[in-house]
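Each chain is listed here by its residues.
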Amino acid sequence: ELKVEQNPLFLSMQEGKNYTIYCNYSTTSDRLYWYRQDPGKSLESLFVLLSNGAVKQEGRLMASLDTKARLSTLHITAAVHDLSATYFCAVDIDRGNDMRFGAGTRLTVKP
Amino acid sequence: EAQVTQNPRYLITVTGKKLTVTCSQNMNHEYMSWYRQDPGLGLRQIYYSMNVEVTDKGDVPEGYKVSRKEKRNFPLILESPSPNQTSLYFCASSFVGRGLATNEKLFFGSGTQLSVL
């Protein structure tokens with residue numbers, strides 16, 4: 001059975017600190033996506049990672065993909081309150097036809 | 001403005017009363033999909049469509065129907081809703097050929113919060 005596991009599921013951090021969210025998946029895939037969801041809102045695409053070793057960065061967020069380890073990370077640098085949201089990883093297991101999501105990581109950044 | 005539009009935003013209904021949640025996109029996307037979001041489970045795919053008149057089951061299709069008569073519309077139909085279908089539903093779309101392009105992503109609608117009593 002395919003599993004996409006994120007950890008932690010809940011993360012409370014201070015402004016200015018660094019932290020990493022992990023996304024492990026149990027099947028072969030070379031495509032992984034990160035999404036952000038604000039409370040009561042829809043999902044917004046953050047990163048698309050298309051190959052082993054891919055690294056994407058935008059602002060204080062950096063995502064990477066290791067397809068051999070079946071692991072993606074979302075690293076937060078010097079967190080600010082605006083980053084408070086729920087972050088989902090999603091694994092594409094059928095060339096776009098079947099995208100499986102992790103349970104999400106609810107991030108709260110405190111002053 | 002490029003967008004995926006879902007209606008209604010909130011819906012409360014009773015067991016067994018047929019309902020339809022509409023989804024429309026204005027980006028000429030071939031691919032459309034429905035997801036349900038439940039606490040602790042992330043998003044699970046219900047049905048997807050690669051193009052007009054082409055639909056297929058996702059991870060949790062039981063109790064749902066879809067149709068794709070036009071490219072822009074992809075309604076989700078619950079013929080006989082039950083309380084376990086209480087959930088937050090999202091429609092999404094993207095260009096087809098996502099296995100080939102280099103920057104595919106899903107565009108999501110605003111969501112429909114459904115409560116079945």
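All values reported here derive from a predicted model rather than from experimental measurement.

> Before we move on, can you summarise the overall build of chain B with the specific residues and values?
Counting its secondary structure elements, chain B contains zero helices and eleven strands. Helices (α) and strands (β) of chain B occur, in sequence order from the N terminus, as β-β-β-β-β-β-β-β-β-β-β. A globule of 117 residues ought to have a C-alpha radius of gyration of about 13 Å, and chain B, at 14 Å, matches this closely. Considered along the principal axes of its C-alpha atoms, chain B spans approximately 45 × 30 × 30 Å. The buried share among the 117 residues of chain B stands at 49%. Pairs at least 24 apart in sequence give 56% of the contacts found in chain B among residues at least 6 apart. A total accessible area of about 5,600 Å² is found for chain B, and carbon and sulfur atoms account for 53% of it. Separation of charge centres in chain B, based on 13 positive and 10 negative side chains, amounts to 5 Å.

> Talk me through the side chain of serine 42 of chain A; I want residue IDs and the actual numbers.
Tracing the chain through its elements places serine 42 of chain A in the loop between β4 (32-37) and β5 (43-49). Only 2.3 Å separates the side chain of serine 42 of chain A from the backbone oxygen of glycine 109 of chain B, close enough to count as a polar contact. Setting aside residues up to four positions removed in sequence, serine 42 of chain A forms contacts with Arg36 and Gln37 of chain A together with Phe90, Phe108, Gly109 and Ser110 of chain B.

> Kindly report on the sheet that holds strand β7 (residues 61-66) of chain A, identifying the contributing residues and their values.
Picture the strands of a sheet paired through backbone hydrogen bonds; they go either parallel or antiparallel. All names here are of chain A. Spatial strand order, β1-β3-β8-β7-β6: five strands in an open sheet with antiparallel pairing. At either end of the open sheet lies a strand with only one pairing partner, and these are β1 (4-7) and β6 (55-58). Strand-to-strand, the axes of this sheet are offset by a mean angle of 15 degrees, without reference to chain direction. Across four bridges, the pairing between β6 and β7 is antiparallel.

> Account for the side chain of threonine 86 of chain A, naming residues and giving values.
Mapped onto the elements of the fold, threonine 86 of chain A is located in strand β9 (residues 85-92). With relative accessibility at 17%, the residue threonine 86 of chain A sits in the buried group.

> So what about the nonpolar core? Which residues, and what values?
Across soluble globular proteins, nonpolar side chains show a tendency to be buried alongside one another. Membership of the largest hydrophobic core comes to 25 residues, with the highest contact counts inside it found for Leu32, Trp34, Leu74, Ile76, Tyr87 and Leu107 of chain A. When residues of this core are traced back to their parent elements, those giving at least two are β2 (10-14), β3 (19-25), β4, β5, β7, β8 (71-76), β9 and β11 (105-110) of chain A. Top contributing element to this core by residue count: β9 of chain A, with four residues. Contacts of leucine 107 of chain A, omitting those with residues within four sequence positions, involve Leu11, Met13, Ile76, Leu83, Ser84, Ala85 and Tyr87 of chain A. Counting 19 residues, the second-largest nonpolar core is a separate cluster that includes Met32, Trp34, Ile46 and Val66 of chain B.

Rules of the game
Residues numbered from 1 in each chain as written. Chains lettered and ligands numbered in written order. Predicted model: local features only at pLDDT ≥ 70, side-chain atom pairs only at ≥ 80, totals over all residues. Heavy atoms only, no water. Helix = DSSP H or I, 4+ residues; strand = E, 2+ residues; numbered from the N terminus. Rg over C-alpha atoms; globule rule 2.2 N^0.38 Å. Buried < 20%, exposed > 50% of the residue type's maximum accessible area, 1.4 Å probe, protein only. Contact = heavy atoms within 4.5 Å. Areas by Shrake-Rupley, 256 points an atom, 1.4 Å probe, with all protein chains shown as cover. Lys, Arg positive; Asp, Glu negative; His and termini not counted. Charge placed at Lys NZ, Arg CZ, Asp CG, Glu CD. Polar contact = N/O pair within 3.5 Å; in protein donor to acceptor, adjacent residues only side chain to side chain. Pairing = 2+ DSSP bridges. Axes fitted to C-alpha atoms, helices over the stretch in contact; angles between N-to-C directions. Core = buried A, V, L, I, M, F, W, Y, C linked by side-chain atoms within 4.5 Å.

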